[in-house]
Amino acid sequence: MARAATTTDAFNAVAEPRRRQILDLLAQGERPVNDLVEMLGLAQPQVSKHLRVLREVDLVHVREEGRQRLYRLNASPLRDIHDWLAKYQQMWASRFDAMDAVLTELKEEEDHGD
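Counting of residues starts from 1 at the beginning of each chain's written sequence and follows it residue by residue. It should be noted that, the model being predicted, local features are given only for residues of pLDDT at least 70 and side-chain atom pairs only at 80 or more, the latter also being counted only at that level, while totals for whole chains, interfaces and linings use all residues. Excluded from the side-chain calculation are hydrogens and water; included are all heavy atoms of the structure.

K.L.:
What's the story with the packing of aromatic side chains in this structure? I'm lost.
P.N.:
How two aromatic rings sit relative to each other is given by the distance of their centres and the angle of their planes. Here the aromatic set is Phe, Tyr and Trp, taking the six-membered ring for Trp, and pairing holds for ring centres within 6.5 Å; pairs whose planes are under 30 degrees apart are stacked, those over 60 apart are edge-to-face, and all others are tilted. A full pass over the atoms with the stated rule returns three aromatic pairs. On the numbers, 6.0 Å between centres and 35° between planes, the contact of W92 with F96 is tilted. Separated by four residues within a single helix, W92 and F96 lie in helix α5 (residues 78-113), roughly one turn from each other. A residue is classified by how much of its surface remains accessible, and W92, at 44% relative accessible area, is partly exposed. Assessed through its relative accessible area of 45%, F96 is described here as partly exposed. Chaining the aromatic ring pairs together yields one cluster made of F11, W84 and Y88. Helix and strand labels come from DSSP, where a helix needs a run of H or I of at least four residues and a strand needs a run of E of at least two; each type is numbered from the N terminus. Classification of residues uses two cut-offs on accessible area relative to the type maximum, computed with a 1.4 Å probe and protein chains only: under 20% is buried, over 50% is exposed, and between them is partly exposed.

Listed below in C-alpha cells is the structure:
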C-alpha cells in the first residue's frame, strides 16, 4: 500500500521530526522564519519547505507584518492525533499500574525477608 503524501493530514505531517521541532517552537509563540532557521540550525529553504507542509494541513498559520512573515501554531488539527493516542495512553497506564503493583509486592517481600 502506498504511503499517503505528507500534505494529506496532520498524522503524516508530524511524522517528520523536523516538523515536530517546528511545532514545538511555535507552541512557545509566534515566530518569524529567520528565528526558526537559527533555532533549528537548518537552511532557510528547508525550514520554508517544512512550514509549507504544516500550513497545507492547517497546523501552522502565517500572517504578514510589514516585510516579515510570522508563523504560529494552530493546534486544533492535532486533536485527531490526541484522540487516536488516548486509547494507547490508557493501555500504557494500566500496564504501568500493574508493574507498580508487582514492584510494591517485591519490595514488601524483600522488606519481610531481612
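That covers the picture; the talk isn't over yet.
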